[in-house]
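So the chains spell out like this:
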Amino acid sequence: MRGWRDPDSVLIRPSVTALARVRPVTGTVRAIDPAARTVTLAEGTNIGFDALVIATGARNAIDNIPGLRDAVHQRVAVHYYSADAAAQAHEALRAFTGGRLVFLVTSQPYRCPVAPYEGALLAADLLRDNGSRAAAEIAVYSPEKQPMPSAGPYAGPELVALLNDNGIDFFGEHAVASIDADRRQIHFRNGVTTVFDLLVFVPPHEAAVTLDGPGWIEVDATTMQTQHPGIFAIGDTTAITSPSGRPLPKAATFAKNGAKAAAANALHYLGKTDTNTVLSGEGYCYIDTGSGASALGKGDFFTLPHPAIHLSRPSEELHHDKQNEERDWRAIWEHDTPLVG
């Protein structure tokens, strides 16, 4: 969205060597049968399993908000929750010469809790580079009371202060009801209506694959196992409640933590190891703030009575750390060392 990347630099293409001893099967999942221990693909193929790890993620569901699809078609609304969409958002922001720019969180939960706020900060940065920032009014609307509620009571207000320091307004507890593309209006469930010249939104999300009826896949907050023995789920498709009663964010850091726990516990279920592994609550997230700087929120999301995570001051050093992590993540999949030992 910012224009710093192109699709080739963000897509992950696992090397053949990295996936040695892994048999890839390409297809669309139609159903999972926990009793029969099978995964059925759309073309009718059944894949049997002894243990299963579901990592099917979330998908964008734009049509869940009345009027949102019309706004996209009329090119007054864009999002950045796919590589192609992010490129379109970049072009829309480059062409934006002034007016009211609104970032909208359409529903909860959504992938990456800081994404709408990072997006607003990077948009402000882009407009500064283009010479249009002074002519633009930027606001973020969200159904959340504050950003990053799963991080506890401190990080959210600190992020709002960071937005305000960059001339960006935050309006919490605003759940969208509908979009009027012709009038460029957002109608909220609390009766408030606001206008926009360009709308940048976080799409509604839904589980790409379900297990026990519609909705996110519930898993044990320590083992990543579903209610079915030997069937685990990780990443954005899951619903996990932390010890403080807060939902665990749909964030890369917890997908990685969950993958470690699920892999180890699947091996234990299969009798390959003697011990279980517990999901770690340690998480972190970088936030690009523009001007070559990033902030960081880091801590234990399982702390009681609540997480006590703070947002660091933005710095160039943290921005470099973020870039290094992105590079290292790509290298894991594209290097020549097998991932399976």
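Structure shown above.
Attention in this report is confined to the structure presented alongside it. (Residues numbered from 1 in each chain as written. Predicted model: local features only at pLDDT ≥ 70, side-chain atom pairs only at ≥ 80, totals over all residues. Heavy atoms only, no water.)

## Focus: the packing of helix α3 (residues 83–95) against helix α4 (residues 115–130)
Here's step 1: Two numbers describe how α3 lies on α4: the axes approach to 9 Å, and their chain directions differ by 45°. The angle between α3 and α4 falls in the class oblique. The handedness of the crossing between α3 and α4 is right-handed. On α4, the residues that touch His 90, Leu 93 and Arg 94 of α3 are Ala 123, Leu 126, Leu 127 and Asn 130.
Here's step 2: Grouping the amino acids of the contact of α3 with α4 by side-chain chemistry returns four nonpolar, two polar and one charged. (Axes fitted to C-alpha atoms, helices over the stretch in contact; angles between N-to-C directions. Helix = DSSP H or I, 4+ residues; strand = E, 2+ residues; numbered from the N terminus. Parallel < 35°, antiparallel > 145°, perpendicular 65-115°, else oblique. Left-handed = near helix turned anticlockwise from the far one by under 90°. Contact = heavy atoms within 4.5 Å. Nonpolar A, V, L, I, M, F, W, Y, C, P; charged D, E, K, R; others polar.)

## Thoughts on the packing of aromatic side chains
Here's step 1: Following the criterion strictly, the structure yields seven aromatic pairs and no others.
Here's step 2: With centroids separated by 5.8 Å and ring planes inclined at 45°, the aromatic side chains of Tyr 80 and Tyr 81 adopt a geometry described as tilted.
Here's step 3: Residue classification places Tyr 80 among the buried residues on the basis of a relative accessible area of 16%.
Here's step 4: Judged by its relative accessible area of 13%, Tyr 81 falls in the buried class.
Here's step 5: Their ring planes at 20° and their centres at 5.2 Å tell us that Tyr 141 and Phe 188 sit as a pair that is stacked. Note that Tyr 141 is positioned in strand β8 (residues 136–141) and Phe 188 in strand β11 (residues 185–188), a separation of 47 residues in sequence.
Here's step 6: A relative accessible area of 4% means that Tyr 141 is categorised as buried.
Here's step 7: Taken together, the ring pairs in this structure connect Tyr 80, Tyr 81 and Phe 103 into an aromatic cluster.
Here's step 8: The cationic tip of Lys 250 hangs over the ring face of Trp 216; the distance from NZ or CZ to the ring centre is 4.0 Å. (Phe/Tyr/Trp six-rings, centres within 6.5 Å; stacked < 30°, edge-to-face > 60°. Buried < 20%, exposed > 50% of the residue type's maximum accessible area, 1.4 Å probe, protein only. Lys NZ or Arg CZ within 6 Å of the ring centre and 35° of its normal.)

## Some thoughts on a nonpolar patch on the surface
Here's step 1: On the surface, Ile 12, Trp 329 and Ile 332 cluster together to form a nonpolar patch covering roughly 250 Å² of accessible area.
Here's step 2: Among the structural elements, Ile 12 can be located in the loop between α1 (7–10) and β1 (29–33).
Here's step 3: Using a relative accessible area of 33% as the deciding quantity, one classes Ile 12 as partly exposed. (Patch = residues over 30% accessible without salt bridge, like charges linked within 9 Å, V, L, I, M, F, W, Y side chains within 5 Å. Areas by Shrake-Rupley, 256 points an atom, 1.4 Å probe, with all protein chains shown as cover. Salt bridge = Lys/Arg side-chain N within 4 Å of Asp/Glu carboxyl O.)

## Let's talk about the environment of Ala 95
Here's step 1: In this fold, Ala 95 is placed in helix α3.
Here's step 2: Taking C-alpha positions, Ala 95 is 44 Å from Glu 43, a pair spaced 52 residues apart along the chain.

## Considerations on the pattern of salt bridges
Here's step 1: Enumeration according to the criterion identifies 13 salt bridges in this entry.
Here's step 2: Taking the shortest distance from any N to any O, the salt bridge between Arg 69 and Asp 63 comes out at 2.9 Å.
Here's step 3: Look at Arg 69 and you get partly exposed, because its relative accessible area is 35%.
Here's step 4: For Asp 63, a relative accessible area of 55% corresponds to the exposed category.
Here's step 5: Notably, a salt bridge pairs Asp 288 with Lys 322, separated by 3.3 Å at the nearest N-O pair. Pair noted here: Asp 288 is in strand β18 (residues 282–290) and Lys 322 is in helix α7 (residues 316–334), with a separation of 34 residues, a long-range link.
Here's step 6: Using a relative accessible area of 14% as the deciding quantity, one classes Lys 322 as buried.
Here's step 7: Taken together, the shared-partner salt bridges in this structure form one network comprising Arg 2, Asp 125, Arg 128 and Asp 129.

## As for the sheet that holds β11
Here's step 1: Spatially, three strands are ordered β10-β11-β12 in an open sheet, and the strand pairing comes out antiparallel. Both edges of this open sheet fall to β10 (176–180) and β12 (193–195), since each of them pairs with a single strand only. Along the sheet, successive strands turn relative to each other by an average axial angle of 20°, direction set aside. (Pairing = 2+ DSSP bridges.)

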